[in-house]
Amino acid sequence: MMSVTEFKERGNEKFKAGEFEEALSLYTQALGLGDLKDSDKAVIYKNRAMCQLKLDKFEKAVADATEALDLVPNDPKALYRRCLAYEQLGQLENAFKDASSLLRVEPKNVAVQPILARLTPIIRDRSTKQNSMQEKVKQMFNLAFDKSNDKEKRLQAANNLIVLAREDGGIPLIMEHGGLGKLKEITFNEKDPDLLQAATRILSCLTQDSKSRSQTVYEEIGTVRLGQLMAMPVEGLSNSVAHLLLNMLHSIANWSEYQVKIEEFQEKKRNRDPAIHPRLVLDEYQQKFVDEVFTGLIKMLQHHKVSACGRDAAMELMIKTVTRKEGLLWTKKLLDTEAIEGLLLIAGAIKQHETLPVTDQSRMHASLLLNKIWEDLAGDKEADKFKEKVSVFFKEMFANEDLDSKVEAVRAISMLLQGPFEIGNMLLGFEGVTQIMLALAQSDRVMHQQIAVEAIVHSASKKDRCAGLLADAVPVLKKLYKDGADDNIKVRALVGMCKLGSFEGSDASNRPMADGSTITLAKACRKFLCSPEGDLQMKQWATEGLAYLTLDADVKEDLVTDPKALAAVIQACMNPSTSLMYAASVLFVNLTNSTDKREIAPEMVELAKYAKQHIPEEHPKDKPEYVKERVSRLVSSGMLRCLSALAMTESKNTREQVARVFLTVSTEEGYRGQIVQAGGVKLLLNLSLENNTDVGKHSAAQSLAKIAITQDPRISFSGQRMYEVVRPLVSLLNIERTGLQNFEALLALTNLSSISDSVRERIVAEKGIPMIEQYMYEEHELIPRAAIECMCNMVMNEKVAKTFEGENDKVKFFTLMCGDDDDKIVRAAAGALAVLTADSDIVCKKITQVTKWDEILMSVVVNESPDIQHRGCYIVKNILQASKDIAEKIFAGQFMEVLMAVSLLKEPERASAKECCLEALKIAEEYNIIQKNLDQL
């Protein structure tokens, strides 16, 4: 065992050598040796603080310097190092205090004077602003909380306090003036909803990321009062209270920390690292608060005194908090309450019946929350319980003799058929359900017809599951479309017929309707779409009809060559309703042919013909030249802006369709700049990382790769996006991705890694190096070359370069690649070795241990390409510099003649290679290896 002194001295040596991690480890071991004098401890803590500074670990540097100061107060070095760390952390007041203390201890200290010169004007300016802000806060409080002032002045002051609460130093000022107490008074005694909303928004700012303030709000105001405020019929107030409760859940339950652990777990899972799924553990206080919020939200689902907007706010909050994977683990608890029944009631609610106050968005919120719960269920037992609750609810609704009850049940089924689909399809199998739908569709009441037709349309998702319904539905839909007096009914009936006519997909040989029927239906949809009298909802229904019909290439061509109809589609999709976002995204997928197409081998086609099996045929108008022209028309018409609007949804399926279309568009190089200009990079980053299917994420990532290959990354991925794009690109380096995705990701990373070392650091941090390396050995014509080119850039990073010095065959591989037949591979491999040999004698030595290394390097030195030749000459020069012994081996062969020959070249393009050779010969001269030869020159 080494002594404290030995550990410290070795640490000092490592520090001087720039090996800060090793020095830090040695100092830490010294501290762990047992009883030490305070003075010795202080010195080691100071040394550790300096290491932490060098490693940019500023918070740890503060901690170590503070430990040293606790042992030896006013120690100059400890004060100086803590001052530097505070400044880097942006804690300028603390840095100024330490600098001032240091100057008092050592008035002649030169190092601290520049720091004080920097900080003094900043602190003085902050102090002036602080005093000014103090006065402003007093004025705001006097105006906002004095009931004698008129509402406008109070509201303006309250809004100013919201702005203040979002600024640095604003919250402490509000707290110093008793802000919480005054805000409590408003929440209990104020009647004006605008002032109540302003108060809750200020409370949201105060509780964000603050456990203590959140607890104070909970204890002073309570969940009951907050629930009462959220239930009020003021949308802004309801949403503000929901946001406040979300902040309090994050802070009190340490939910934010839990979500960070979830992200870390998912990251480890992506990288196939062993990881244990984190658990949310709450103490008694936390559990009490969470349970109160949970109970209050459940009650709000069915309570008749809760406003429609309050109910929506409650559901939105539950959507964000319900799941096991990323929420507060409420799924199982919900099954023991009447939450499912409440959500089904909302899904079927009809405003005219006044059974429950709802908004136009309430049904979709209910469907989304039910879908979240369904997908989060753990095992068959919970799924069976969920189904049982649903079954009992609908059996009671249909058993009720009241017609309104049956209508609401059909409306709820219509919503469930949009998610969770399995539950919706289960309900279609209930006895008498389809008959009730058809009966309502033939009712004299417009509302009943509309609800029934919507249910029939949504029922037609799977042909094999609803064959009986469809057989009876077709004549009903035709009659409603032909004879209906209400356009809203007619357009829905039309969409139903469109859906039935699209069951055979894009197979041109098997049309379920008579020739020309799809064209006729499409014309009807376009008529509704272009009608100046039609409302937005009608246009969106017409868009949905076209989404089904555009599986037919004739319909696609008719639509994109009709400027008026195409403009109407674009307009309708710019602000689509939540329920029609998926249909709108499918429309663009069909128009651009962005679906996956499985290639069928010719021999399989012949076999199918022999067996008299049906073989799908491609429509002539789906050939590449037609698709290219359609994409051009769509981009020119503003489709890219529509895609941005459609991606603003929680639906993974919709987001996948949007990503597919972007991939198709980005395949054409000429459109990539337009994608960037339309804000597509930000959108694609979001689609590639969050809330998307795997196919959607990979499609978005591949689009980003295509953009990174041909566009200047400094423009396309400005600022932080340069680093954010690395993760989706690395995700494409997987054996489960296609060869094209691998290849394009490597090209994109090559382009990015040429920008700066900070980008290369990000690639290393995302564990991209092992992925890149595995593709260097791929049996493929292009992929290995792309991987080697990428590594040529990556070796400029110190961490990557260090790996070549370890016990591995990386240097050997790159040396052998210098002898490859592919000049591009040779250029990249030689470039990597040129960088590595410039800084590492170990790499130089490793090259000379490769079989026939001299022959390989000589082939590079005499390469016809000036660029490759220069790299070869540079490598040889570096190897000569590394060791006299190696230099003697080199000049024992034919290298001297080759280097001399290159040094005599006159071509301007070979000037760099010539210069390297002259330097190499100069080195050999200094070694006294070729003195005689130089004398003869």
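So, here is what we can say about the structure in this document. The shown structure was predicted, so the numbers you read here are calculated from the model rather than taken from an experiment. (Residues numbered from 1 in each chain as written. Predicted model: local features only at pLDDT ≥ 70, side-chain atom pairs only at ≥ 80, totals over all residues. Heavy atoms only, no water.)

### Quick look at the overall build of the chain
Move 1: From N to C terminus, the chain includes 56 helices and zero strands.
Move 2: Of all 937 residues assigned to the chain, the portion counted as buried reaches 51%.
Move 3: Long-range contacts, defined as pairs at least 24 residues apart, comprise 68% of the intrachain contacts of the chain with a sequence gap of at least 6.
Move 4: Here the chain displays about 45,000 Å² of accessible surface, and carbon together with sulfur accounts for 49% of that area. (Helix = DSSP H or I, 4+ residues; strand = E, 2+ residues; numbered from the N terminus. Buried < 20%, exposed > 50% of the residue type's maximum accessible area, 1.4 Å probe, protein only. Contact = heavy atoms within 4.5 Å. Areas by Shrake-Rupley, 256 points an atom, 1.4 Å probe, with all protein chains shown as cover.)

### A short note on the environment of methionine 581
Move 1: With respect to the helices and strands, the residue methionine 581 is situated in helix α32 (residues 581–592).
Move 2: Overall, methionine 581 belongs to the buried group, its relative accessible area being 7%.
Move 3: Distance in space between the C-alpha atoms of methionine 581 and alanine 647 is 8.5 Å, their sequence separation being 66 residues.
Move 4: The contact partners of methionine 581, leaving out residues within four places of it in the chain, are Pro576, Ala645, Leu646, Met648, Thr649 and Thr654.

### Some remarks on empty space enclosed by the protein
Move 1: Following the criterion strictly, the structure yields three cavities of 30 Å³ or more and no others.
Move 2: Put simply, the largest cavity is a space of about 50 Å³.
Move 3: The wall of the largest cavity is formed by Ala144, Phe145, Arg154, Ala158, Leu161, Leu183, Ile186, Leu195, Ala198, Ala199 and Ile202.
Move 4: Elements that contribute at least two residues to the lining of the largest cavity include exactly α8 (151–165), α10 (179–189) and α11 (193–207).
Move 5: A total of four residues in the lining of the largest cavity trace back to one element, the largest contributor, which is α11.
Move 6: In the lining of the largest cavity, the residues fall into 10 nonpolar, no polar and one charged. (1 Å grid on protein atoms, 1.4 Å probe; cavity = no way out; pocket = protein on both sides within 12 Å on 5 of 7 lines; lining within 4 Å. Points joined across faces, edges and corners; volume = space filled by probe spheres on them. Nonpolar A, V, L, I, M, F, W, Y, C, P; charged D, E, K, R; others polar.)

### As for the pattern of salt bridges
Move 1: According to the stated counting rule, one finds 37 salt bridges in the structure shown.
Move 2: Via salt bridges that share partners, Lys556, Glu557, Asp622 and Arg630 belong to a single interconnected network. (Salt bridge = Lys/Arg side-chain N within 4 Å of Asp/Glu carboxyl O.)

### As for the nonpolar core
Move 1: Among the nonpolar cores identified, the biggest contains 265 residues, and Phe386, Phe394, Phe588, Ile772, Met791 and Phe814 are the most heavily contacted of them.
Move 2: If we skip the residues at most four places from it in the chain, phenylalanine 814 touches Met776, Ile788, Met791, Phe804, Ala829, Ala832 and Leu833.
Move 3: Counting residues in each nonpolar core, the second largest holds 33 residues, with Ala68, Val112, Ile115 and Leu116 among its members. (Core = buried A, V, L, I, M, F, W, Y, C linked by side-chain atoms within 4.5 Å.)

Shape is all these values report; function is a separate question.
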